[in-house]
Amino acid sequence: MKLERRSHCKVNLLLNVLGRRPDGFHDLETLMQPVALCDTLTFERGGHGIALACNDPRLPVGGDNLVCRAAEAFFSAAGIKDGVRIRLAKEIPLAAGLGGGSGNAAVTLLGLNELFGQPLAPSEISRIAAGLGSDVPFFLQSEAAIATGRGERIELAGSLRALDGCWLLLIHPGFGISTPWAYQQLRRFPDALNGRPGRAARLAELLSRAPLASAATDFYNALEGPALEKYPILALYQEFLRKHGATVCLMSGSGSSTFALTESEGRARELADLFRAEFGPTAWLRTLPARAPCS
Ligand code: C5P
C-alpha cells in the first residue's frame, strides 16, 4: 500500500518574540499563513526500518532528518515494528524560514498514522509534533493560525479576508540562515527580544476586516534585526520591493526568505521581473496566490 501526500509551507505575517525562557527557547506570538508551495511525500509499507530517499542531494537522509525522526517517534508511540519506505520530493527551499522541514515532519506523522490504520489519537500526534520542533504542530492543519508558547500552541486565526485576491512573491537568496543563530543574536537587540504581547491578534483582527494596505505597518518580524545586519542584501531586497510597489515586505521566520504581498497577480509578476532584472538570476523566486487552499 502506497500513500502520497503534499506538504505545504508557511510565511510568518508577524513574529513577535516576548522573551528568553529558562529552557533556552523563546516565548513568542506569531501569525502564520499557509502557502501552497508544496513538497511531496510518498509512504510505502515494507522493507526494514525507516528508509528515506530525497531528490535533493543537499538534504541528509539519515536519522537526523526530521522526516526520519517523525517516523521513529510514530513507530515508537504506536508500538509498530514494520518497515516503511519514504520518498521526499523537495520544492520548498531549505533553511529558508518557510517551515519546509517542519511541514514534512507533520505530514509524516499524519501519513504514517493513516497508512497504519490510525493507531494514534490526534492529541497524541500533536504531542509528538511539539516534541519534534516548535513549528511542527502548525502543519498538522492548513489554516492561518496564531502560534504561542515556543510556537507549538496553535489557535486558528479566522478568515484573513484582506488576503483574498492578493498575491505573494517569495524570494530565497540562495543561502540559508540558522534558526538557533538568529535567536541567539537577539541578546544584542533588547527591544526585539522583549516584545509586548498582543500584536499577532491585532494584525489578525485588522486583516479580517480592513484592506491589506491599511495593515501594512503592523507586519513585523523580530528576527529581522540580526539577519539584515549580517546579510545586508536582504535589506536591499526589501528596499527595492517597497520602492517598486510591494504593499507589504518582510522576512519569513528566521530567514533567509523574503516575501512581498501585492494586491494583484499582475503586480506580483511584474515585481518578480523587476527583481530579476535588478538582482540577476541567482535568487529563487515564486509567485503564488496569498490564500490558496493547502490541503
Ligand atoms: O523548535 P525548533 O527545533 O524549530 O527550534 C530550533 C532552535 O531555534 C531552537 O533550538 C532554539 O535555539 C531556537 N528557538 C527558540 N525559540 C523558539 C523557537 C526556536 O529559541 N520559540
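Described below are features of the structure shown in this document. (Residues numbered from 1 in each chain as written. Predicted model: local features only at pLDDT ≥ 70, side-chain atom pairs only at ≥ 80, totals over all residues. Heavy atoms only, no water.)

1. Concerning unusual backbone geometry
For step 1, the next point in the chain: For the bond from Gly255 to Ser256, the omega torsion is 15 degrees, close enough to zero to count as cis.
For step 2, the next point in the chain: Mapped onto the secondary structure, Ser256 falls in the loop between strand E9 (248–251) and strand E10 (258–262).
For step 3, the next point in the chain: Residue Ala95 is not a glycine yet carries a positive backbone phi of 45 degrees.
For step 4, the next point in the chain: Considering the arrangement of structural elements, one finds Ala95 in the loop between strand E4 (84–89) and helix H2 (100–115).
For step 5, the next point in the chain: By relative accessible area, which is 49% here, Ala95 ends up partly exposed.
For step 6, the next point in the chain: In this model, Gln118 sits at a positive phi of 55 degrees, which is unusual for a non-glycine residue.
For step 7, the next point in the chain: Positionally, Gln118 belongs in the loop between H2 and helix H3 (122–132). (Helix = DSSP H or I, 4+ residues; strand = E, 2+ residues; numbered from the N terminus. Buried < 20%, exposed > 50% of the residue type's maximum accessible area, 1.4 Å probe, protein only.)

2. Observations regarding the site of the ligand
For step 1, the next point in the chain: In the vicinity of the ligand, the contacting residues are Gly24, Phe25, His26, Leu28, Gly133, Ser134, Arg150, Thr179, Pro180 and Tyr183.
For step 2, the next point in the chain: One nitrogen or oxygen atom from the side chain of His26 is found 2.7 Å from an oxygen atom belonging to the ligand.
For step 3, the next point in the chain: Here a nitrogen atom of the ligand sits 2.9 Å away from a polar atom, N or O, in the main chain of Arg150.
For step 4, the next point in the chain: Protein coverage of the free-state accessible area of the ligand, which is 450 Å², stands at 73%. (Near = heavy atom within 4 Å. Polar contact = N/O pair within 3.5 Å; in protein donor to acceptor, adjacent residues only side chain to side chain. Areas by Shrake-Rupley, 256 points an atom, 1.4 Å probe, with all protein chains shown as cover.)

3. Focus: the environment of Ser264
For step 1, the next point in the chain: Relative to the helices and strands, Ser264 is located in the loop between E10 and helix H10 (265–279).
For step 2, the next point in the chain: Ser264 sits in the partly exposed class, given a relative accessible area of 32%.
For step 3, the next point in the chain: Taking the C-alpha atoms as reference, Ser264 lies 9.1 Å from Leu168; in sequence the two are 96 residues apart.
For step 4, the next point in the chain: With residues up to four places along the chain from it excluded, the contact list for Ser264 reads Gly165 and Trp167. (Contact = heavy atoms within 4.5 Å.)

4. Points about the environment of Leu206
For step 1, the next point in the chain: Within the element layout of this structure, Leu206 appears in helix H6 (residues 199–209).
For step 2, the next point in the chain: Measuring from C-alpha to C-alpha, the distance between Leu206 and Ala260 comes to 18 Å, with 54 residues separating the pair along the chain.
For step 3, the next point in the chain: Filtering out sequence-adjacent residues up to four positions away, Leu206 remains in contact with Ala215 and Asp218.

5. Some remarks on the environment of Trp167
For step 1, the next point in the chain: Mapped onto the elements of the fold, Trp167 is located in strand E7 (residues 167–172).
For step 2, the next point in the chain: For Trp167, a relative accessible area of 14% gives the class buried.
For step 3, the next point in the chain: Along the primary structure Trp167 and Arg269 are separated by 102 residues, whereas in three dimensions their C-alpha atoms are 9.0 Å apart.

6. Some details on the pattern of salt bridges
For step 1, the next point in the chain: With the rule as written, the count across this model stands at 16 salt bridges.
For step 2, the next point in the chain: With its nearest N and O atoms 2.6 Å apart, the salt bridge here joins Asp39 to Lys90. One end of the pair, Asp39, is in strand E2 (residues 26–45); the other, Lys90, is in the loop between E4 and H2, and 51 residues separate them in sequence.
For step 3, the next point in the chain: Since its relative accessible area comes to 12%, Lys90 is described here as buried.
For step 4, the next point in the chain: Among the ionic pairs, Arg202 bridges to Asp218, the shortest N-O distance being 2.8 Å. With a gap of 16 residues between them, Arg202 in helix H6 and Asp218 in the loop between helix H7 (212–215) and strand E8 (220–221) connect regions that are remote in the sequence.
For step 5, the next point in the chain: When its relative accessible area of 47% is taken as the criterion, Arg202 is described as partly exposed.
For step 6, the next point in the chain: Here the salt bridges do not stand alone but share partners, grouping Arg21, Asp23 and Asp27 into one network. (Salt bridge = Lys/Arg side-chain N within 4 Å of Asp/Glu carboxyl O.)

7. Here we look at the pairing of E7
For step 1, the next point in the chain: Of all 6 residues that make up E7, 6 are buried, and the element is covered over most of its length.
For step 2, the next point in the chain: By the alternation rule, side chains of E7 split into Trp167, Leu169 and Ile171 and Leu168, Leu170 and His172, which are all buried.
For step 3, the next point in the chain: In the sheet, E7 pairs with E10 via 5 bridges, with the strands oriented antiparallel. Pairing of Ile171 across the sheet is with Thr258, part of E10.
For step 4, the next point in the chain: Here 6 bridges tie E7 to strand E11 (residues 284–289), and the two strands are oriented antiparallel to one another. Residue pairing for E11: Leu169 is matched across the bridge by Thr287. (Pairing = 2+ DSSP bridges.)

8. Let's talk about the side chain of Asn12
For step 1, the next point in the chain: Structurally, Asn12 can be placed in strand E1 (residues 2–20).
For step 2, the next point in the chain: Within the structure, Asn12 has its side chain in polar contact with the side chain of Lys10 (distance 2.6 Å).

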